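Summary of the model geometry
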Amino acid sequence: MSSNSFGRLLRVTTFGESHGPGIGCIVDGCPPGLPLSAEDIVPDLKRRATGKTRHTSQRREADAVTIQSGVFEGVTTGTPIALLIENTDARSKDYSNIKDQYRPGHADYTYDAKYGFRDYRGGGRSSARETTMRVAAGALARKYLAHHCGIEVQACVVQVGEQRAGTVDWSEVENNPFFAPDPDWVEPLEAYMDALRKSGDSAGARVDVVARGVPAGWGEPVYGKLDAELAAALMSINAVKGVEIGAGFASVEQPGSEHRDEITPEGFLSNHAGGVLGGISTGQDITASVAFKPTSSLRLPGVTIDRHGEPVEVVTKGRHDPCVGLRAPPIVEAMTLLVLMDQYLRHRAQNADVEPPFVIPPGGEHDR
Ligand code: EPS
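Just so it is clear, the model here is predicted, and its values are computed rather than measured. (Residues numbered from 1 in each chain as written. Predicted model: local features only at pLDDT ≥ 70, side-chain atom pairs only at ≥ 80, totals over all residues. Heavy atoms only, no water.)

1. Focus: the overall build of the protein chain
The helix and strand inventory of the protein chain stands at 7 helices and 18 strands. Taking 21 Å as the expected radius of gyration for a compact globule of 368 residues, we find that the protein chain reaches 21 Å, a close match to that expectation. A principal-axis box enclosing the C-alpha atoms of the protein chain has dimensions of 65 × 50 × 40 Å. Sorting the 368 residues of the protein chain into buried and exposed places 48% on the buried side. In the protein chain, the share of contacts with a sequence separation of at least 24, taken over all contacts with a separation of at least 6, comes to 73%. For the protein chain, the computed accessible surface area is about 17,300 Å², with 55% contributed by carbon and sulfur atoms. Between the centroid of the 38 positive side chains of the protein chain and the centroid of its 48 negative side chains there is a distance of 8 Å. (Helix = DSSP H or I, 4+ residues; strand = E, 2+ residues; numbered from the N terminus. Rg over C-alpha atoms; globule rule 2.2 N^0.38 Å. Buried < 20%, exposed > 50% of the residue type's maximum accessible area, 1.4 Å probe, protein only. Contact = heavy atoms within 4.5 Å. Areas by Shrake-Rupley, 256 points an atom, 1.4 Å probe, with all protein chains shown as cover. Lys, Arg positive; Asp, Glu negative; His and termini not counted. Charge placed at Lys NZ, Arg CZ, Asp CG, Glu CD.)

See the structure below:
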């Protein structure tokens, strides 16, 4: 089976390769009546795009999105929404030297092992180019959830290599090219990235995400848990090697008396759970943290083998991000939004008439 689709009631399918004619997605299940135009999608596409600063890949894609179906007279009709973007700046000759090689850290070997064939140009289907369409679909979910539920989802970069943000001020995130939440971190990060780029090496990053305004009750135990689906969605992003929900792995060291989020009539006293208990939202902020590995495409020579098993030296050309995590916040937001919208539609289908006996005020800050 091929798994190019996700979500149940809101089903997103993406298609396309990095150096093919174009990329696209189909969003099926969006309720009718949502005002939607390409202008709603463009801002998030721009936030994710390459080539905006010297710190990212210099490939310059127009990312001009067109809505091919599912919208009439400016509103969604309830039929599949198809979004299409042409690839306009692929440079496939950069990849001719690795045609028969397995780049370490890339999906070259595994795609060959699975399909016996691969599109080697720019990583083909395994390229981060694919995340463009996740972001396009996510922009729709962002608009729907903001309008119908007052939900807001925001992500930021809190660590690059060993460099960490000193504070998290969410109002600062869009004021710098790194999605950094600490204005005092921007200058050192710039210097770090310049040195990294010159060295030819790459770095990983940690991205935090928060969803504000999700009411209590969303999520389907036991195999459709909100946190399980969120973790799967975030894990499906290129280069992701770890996902934590709430306190995540720090829970291991916390005594139960600290980890449990105590409750008062005025609200929760903390949020180590990351806003999810038993797979269902508590009404608190939903928080997760995502680990991005260092970019595998390096101009520094390394050893590998070719598809005949012969040892070769590999050098990856192309226009690569020294830290792919720096462009990840819009992608992390998009996957979170899509999971939330799908869970909202599922909740509405089964439980729209439920009256909870008591609604606990959110309260409780998440302290990492
Ligand atoms: C990518 C390699 C680079 C990036 C690309 C992701 O592609 P190319 O070598 O063709 O320039 O530019 O990112 C995008 C094009 C994008 O839109 O995100 C990779 O190997 O994943």
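Next comes the rest of the account.
2. Points about the site of the ligand
Taken together, 13 residues lie near the ligand, and His19, Arg48, Ser57, Arg59 and Tyr95 sit nearest. Burial of the ligand by the protein chains amounts to 94% of its free accessible area of 470 Å². When the residues that make up the shell around the ligand are grouped by side-chain class, the tally is 2 nonpolar, 6 polar and 5 charged. (Near = heavy atom within 4 Å. Nonpolar A, V, L, I, M, F, W, Y, C, P; charged D, E, K, R; others polar.)

3. Description of the packing of aromatic side chains
One pass over the structure, following the stated rule, counts 4 aromatic pairs. Ring geometry for tyrosine 102 against tyrosine 109: centres 5.4 Å apart, planes inclined by 70 degrees, an arrangement best described as edge-to-face. These aromatic residues form a ring-pair network of at least three members: Tyr144, Trp218 and Tyr344. It is arginine 212 that lies over the ring of tryptophan 170; its NZ or CZ is 5.4 Å from the centre. (Phe/Tyr/Trp six-rings, centres within 6.5 Å; stacked < 30°, edge-to-face > 60°. Lys NZ or Arg CZ within 6 Å of the ring centre and 35° of its normal.)

4. Details of the sheet that holds strand 4 (residues 65-69)
Within the open sheet, the 5 strands sit side by side as 1-2-3-7-4. Their pairing is antiparallel. Of all the strands in the sheet, the pair left with one neighbour each is strand 1 (5-6) and strand 4. Bridge count for strand 1 against strand 2 (residues 11-16) is 2 bridges, and the pairing is antiparallel. Pairing of phenylalanine 6 across the sheet is with valine 12, part of strand 2. Taken strand by strand, helix 1 (residues 38-48) contacts strand 4 and strand 7 (81-86), and its axis lies near 140 degrees from that of strand 4. (Pairing = 2+ DSSP bridges. Axes fitted to C-alpha atoms, helices over the stretch in contact; angles between N-to-C directions.)

5. Considering the pattern of salt bridges
Within the structure shown, the criterion is met by 28 salt bridges. A salt bridge links glutamate 61 to arginine 129, with the shortest nitrogen-to-oxygen separation between them at 3.6 Å. Taken together, the residues span a long stretch of sequence, with glutamate 61 in the loop between helix 1 and strand 4 and arginine 129 in the loop between helix 2 (108-115) and helix 3 (131-149) at a distance of 68 residues. In terms of burial, glutamate 61 and arginine 129 fall into one category: buried. Among the salt bridges present, the one from aspartate 100 reaches lysine 99, with a minimum N-O distance of 3.9 Å. (Salt bridge = Lys/Arg side-chain N within 4 Å of Asp/Glu carboxyl O.)

6. A word on the environment of valine 303
Mapped onto the secondary structure, valine 303 falls in strand 17 (residues 302-305). A relative accessible area of 73% places valine 303 in the exposed class. The sequence separation of valine 303 and valine 315 amounts to 12 residues, and the corresponding C-alpha distance is 9.0 Å. Aside from chain neighbours lying at most four places away, what touches valine 303 is Pro104 and Val312.

7. Here's the deal with the nonpolar core
Ranked by internal contacts, the top residues of the largest apolar core, which has 75 residues, are Leu145, Val160, Leu234, Val332, Leu340 and Met341. Residue contacts for valine 160: discarding those within four places in its chain leaves Trp185, Leu189, Tyr192, Met193, Ala203, Gly204, Ala205, Cys323 and Leu326. (Core = buried A, V, L, I, M, F, W, Y, C linked by side-chain atoms within 4.5 Å.)

8. A closer look at unusual backbone geometry
Each neighbour pair has its own omega, and for proline 221 with valine 222 the value is 5 degrees, a cis peptide bond. Following the sequence through the fold, valine 222 ends up in the loop between strand 10 (205-212) and helix 5 (226-235). Even without being glycine, aspartate 63 reaches a positive phi, approximately 50 degrees. Note on placement: aspartate 63 falls in the loop between helix 1 and strand 4.

9. Brief notes about helix 7 (residues 329-351)
A rise of 1.5 Å per residue sets the reference length of helix 7, with its 23 residues, at 33 Å; its end C-alpha atoms lie 32 Å apart and thus fit the reference within 8%. Of all 23 residues that make up helix 7, 18 are buried, and the element is covered over most of its length. (Expected span 1.5 Å × (residues − 1).)

10. Comments concerning the packing of helix 5 against helix 7
Direction vectors running N to C along helix 5 and helix 7 enclose 145 degrees, while the axes themselves pass 9 Å from each other. The chirality of how helix 5 crosses helix 7 is right-handed. Residue-level contacts link Leu226, Glu229, Leu230, Ala233 and Leu234 of helix 5 to Val332, Met335, Thr336, Val339, Leu340, Asp342, Gln343 and Arg346 of helix 7. For the contact of helix 5 with helix 7, the residue count by class is 8 nonpolar, 2 polar and 3 charged. (Left-handed = near helix turned anticlockwise from the far one by under 90°.)

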